[in-house]
Amino acid sequence: MSKTVLIGVTGCVAIYKTCEIIRGLQKGGVRAKVVMTESATHFINPTLFRSLTREPVAVGLFDDAPGDPIHHVSLAKEADLFLIAPCTANVMAKMAHGIADDLLTTTALATTAPIVIAPAMNVNMYENVATQQNMETLRSRGIEFVDAESGYLACGDEGKGRLADPAVIVKAVLDRLNVKRDLEGKRVLVTAGPTVEPIDAVRFISNPSSGKMGFAIAVAAHNRGADVTLVTGPVSLEDPAGIETVHVKTALEMFDAVESAFGESDIAIFTAAVSDYRPASPVERKLKKGADDAALETLELVENPDILATMASRKRPDQLVVGFAAETENVEANARKKLVGKKADLIVGNLVSHDNGFAIDENEAMLVDARASKELPRMTKAQLACAILDELSLALQ
Ligand code: C5P
C-alpha cells in the first residue's frame, strides 16, 4: 500500500513551490494530502491543492469533515510522515512550544509520524535568535529539517531564507519514509562537543566544537531503534528527547562516563573534540596578573587519556568503535593513520576549513575502514549521521 504524506502548507510566498513538491511525491509513489493554515489560503485557494491531490484539503479546526468529528486526530493518524513546506517562523515557534491553535499545529502535536520541516522566510526572520532556537528545539526532538537556501528573497532582500529546491525536499521525504529500524536492540554510545580544561577559577583550554555532529548521530541512532547514551561536553544544544544524555566538562570526566557505558555498548562513536592536554595543576582561585605572573606565563600541561584509543584497545570482537579525524590537509592519509593507530573499525575523516567542520550544519566527509575509503558528497550533519549508521549497520550483519 502506498504511504501517505500529509503536507502542511503555511502562509508564505514560496507556497507555489508546494505544487511541485506534491507532483514529485506523487511520482515517488506517495499519496499526498494537504492541510493549510488560514493565512496560506490568502495566497492559494485550497481548490488548487484539491485538484492536484484529488483529496479533500483541510483548513479549519471546526470545519465540517463529513463523518469525522475529530479531524486533527484522524489526519495525524493517517500520515506516515508530516511534511510542512513552506513552514513559516510563526508555525515553527508554535510547534517549539506545543501551541496548537489551528488545524495544522494541532495535527503536528497529535501526530506520532516523523515530521520534516522546510522553512521559508525573510533572512532577518530566519537569522533571528528566536527562530534559530526554535529550530534547534525542534531538531532535538527528532524533527528533520530541509534547510532554507541562500539567494534572492521575495521581499527583495538577499540571504538565507529561500525554500529549499522542491526536488531536495521530495528526496528528503522519500528517504525518511524508508527509515530503517535496523538498530533495534542495539546500544550506541556517542561522545560529543568539546571538553573544557580549567587553568584557574575563570580560565580554561577548550575548542569551538558545537556538538552538532554527535547530537545528529545520537538522534539518528535513536530514530533507528537504538538505545543511545550521549556523553557531551558543554554545548548550547538541548538534550535530545528519549536519549540518556550525560553532561561532562573535562576529558577525565568524559573518560569516566564513557568507561562506565562502553562495556554495554554495541557501537561507540567518538565525535567529541577532546582536549589533548590539560593544565597540570589547575588553581581553584583566579590567578592574578602581577602576583601570579610565573604561573600565567608558563602553563604546564599534561596529556589527557585518549578515550577512543583506550576503549578500542579494550573492545570485544562484537563491538564497533568509530572515531573522527578533523584535518586541515591530507584527510585520507591522516584518517587511515588514525584507523590503525587507534585500532578503530571506522574513521570519519573531514576537512576542517572556514566553511566546513565545526559549528555548521553541513559536512564533507570520507569514511575510512580497513577495506576501503569512501568519499561522501557534501551533506547535512543529519544525512552524514545516516550514512555513518548505514555503514555500521552493514558491518554488524
Ligand atoms: O588524535 P585526534 O584527536 O585527532 O583523534 C580524533 C578522534 O579521537 C576523535 O574521534 C576523538 O573523539 C577521539 N579522541 C578521544 N580522546 C582524546 C582525543 C581524541 O576520544 N583524548
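As the structure is a computational prediction, the values presented were derived from the model and not from experiment.

S.K.: Give me the pattern of salt bridges: which residues, what numbers.
M.R.: What the rule picks out here adds up to 23 salt bridges. With a shortest N-O distance of 2.4 Å, Asp200 and Arg203 are connected by a salt bridge. On the accessibility criterion, Arg203 (30% relative accessible area) is partly exposed. Ionic pairing is found between Asp369 and Arg371, a salt bridge with its closest N-O pair at 2.8 Å. By relative accessible area, Asp369 is classed as buried at 9%. Among the ionic contacts, a cluster of salt bridges with common partners joins Arg31, Lys33, Glu55 and Glu78.

S.K.: Give a detailed account of the pairing of strand β2 (residues 31-36), specifying residues and quantitative values.
M.R.: The buried count for β2 comes to 5 of 6 residues, which makes it a mostly enclosed element. Looking at chain direction, strand β1 (residues 4-9) and β2 are connected through 6 bridges and run parallel. From the neighbouring strand, Ile7 faces β2, where its bridge partner is Val34. Considered for its hand, the β-α-β crossover made up of β1, helix α1 (residues 17-27) and β2 is right-handed.

S.K.: Just give me the short version of helix α14 (residues 331-341), but keep the residues and values in it.
M.R.: Here α14 has its buried residues at Val331, Asn334, Ala335 and Leu339. Axial view of α14: buried residues confined to an arc of 145 degrees, hence all on one face. Facing away from the buried surface of α14 by more than 90 degrees, the exposed residues are Lys337, Val340 and Gly341. Buried residues belonging to α14 abut β16 (320-327), β17 (346-351) and β19 (365-368). Of the residues flanking the end of α14, it is Lys343, one or two places downstream, whose phi is positive at about 55 degrees.

S.K.: Requested: an account of the packing of helix α4 (residues 71-78) against helix α6 (residues 103-110), with residues and values cited.
M.R.: It is at 8 Å that the axes of α4 and α6 come closest, and there the two elements cross at 55 degrees. In terms of axis orientation, α4 runs oblique to α6. When you trace α4 past α6, the crossing you get is right-handed. Residues His71, His72, Leu75 and Ala76 of α4 pack against Leu103, Thr106, Thr107 and Ala110 of α6. Here the contact of α4 with α6 is composed, by residue class, of 4 nonpolar, 4 polar and no charged.

S.K.: For the packing of α1 against helix α3 (residues 46-53), give the residues involved together with the corresponding values.
M.R.: Contact geometry of α1 with α3 gives a least axis separation of 10 Å together with a crossing angle of 15 degrees. It follows that α1 is roughly parallel to α3 by the angle criterion. Crossing of α1 over α3 shows right-handed handedness. The residues of α3 that touch α1, namely those facing Thr18, Cys19, Ile22, Arg23 and Gln26, are Leu48, Phe49, Leu52 and Thr53.

S.K.: Outline a nonpolar patch on the surface, listing residues and values.
M.R.: On the surface, Val13, Tyr16 and Phe43 cluster together into a nonpolar patch covering about 320 Å² of accessible area. Its relative accessible area of 47% is what places Val13 among the partly exposed residues.

S.K.: Summarise unusual backbone geometry; cite the residues concerned and give the values.
M.R.: That bond from Ala85 to Pro86 is cis: its omega, -5 degrees, falls within 30 degrees of zero. In this fold, Pro86 is placed in strand β3 (residues 81-87). In this structure, Arg54 takes a positive phi of about 55 degrees despite not being glycine. Relative to the helices and strands, Arg54 resides in the loop between α3 and α4. Located in the positive-phi region is Asn330, a residue other than glycine, with phi close to 45 degrees. Mapped onto the secondary structure, Asn330 falls in the loop between β16 and α14. Using a relative accessible area of 57% as the deciding quantity, one classes Asn330 as exposed.

S.K.: How would you explain the site of the ligand if you had to name every residue and give the values?
M.R.: The full set close to the ligand counts 13 residues, and Phe270, Ala272, Phe324, Lys338 and Lys342 are the nearest of them. Here Phe270 contributes a backbone N or O atom positioned 2.5 Å from an oxygen atom of the ligand. Within the contact set of the ligand, an oxygen atom lies 2.7 Å away from a backbone nitrogen or oxygen of Phe324. If you map the ligand onto the pockets, it falls in the second largest pocket. Going through the elements one at a time, α13 (307-313) and β16 are the ones with two or more residues in the shell around the ligand.

S.K.: Which residues make up the environment of Ala120, and what values go with them?
M.R.: By the element assignment, Ala120 lies in the loop between β4 (115-119) and α7 (123-127). The class for Ala120 is buried, based on a relative accessible area of 3%. For the pair formed by Ala120 and Ala85, sequence separation is 35 residues and the distance between their alpha carbons is 8.0 Å. Apart from the residues within four sequence positions on either side, Ala120 is in contact with Cys12, Ala14, Pro86, Cys87, Thr88, Gly161 and Leu163.

Parameters at a glance
- Residues numbered from 1 in each chain as written.
- Predicted model: local features only at pLDDT ≥ 70, side-chain atom pairs only at ≥ 80, totals over all residues.
- Heavy atoms only, no water.
- Salt bridge = Lys/Arg side-chain N within 4 Å of Asp/Glu carboxyl O.
- Buried < 20%, exposed > 50% of the residue type's maximum accessible area, 1.4 Å probe, protein only.
- Helix = DSSP H or I, 4+ residues; strand = E, 2+ residues; numbered from the N terminus.
- Pairing = 2+ DSSP bridges.
- Right-handed = clockwise from strand over helix to strand, strands pointing away.
- Arc of directions from axis to C-beta.
- Contact = heavy atoms within 4.5 Å.
- Axes fitted to C-alpha atoms, helices over the stretch in contact; angles between N-to-C directions.
- Parallel < 35°, antiparallel > 145°, perpendicular 65-115°, else oblique.
- Left-handed = near helix turned anticlockwise from the far one by under 90°.
- Nonpolar A, V, L, I, M, F, W, Y, C, P; charged D, E, K, R; others polar.
- Patch = residues over 30% accessible without salt bridge, like charges linked within 9 Å, V, L, I, M, F, W, Y side chains within 5 Å.
- Areas by Shrake-Rupley, 256 points an atom, 1.4 Å probe, with all protein chains shown as cover.
- Near = heavy atom within 4 Å.
- Polar contact = N/O pair within 3.5 Å; in protein donor to acceptor, adjacent residues only side chain to side chain.
- 1 Å grid on protein atoms, 1.4 Å probe; cavity = no way out; pocket = protein on both sides within 12 Å on 5 of 7 lines; lining within 4 Å.
- Sits in = over half its atoms within 2 Å of the grid points.

Shape descriptors only; they carry no functional weight alone.
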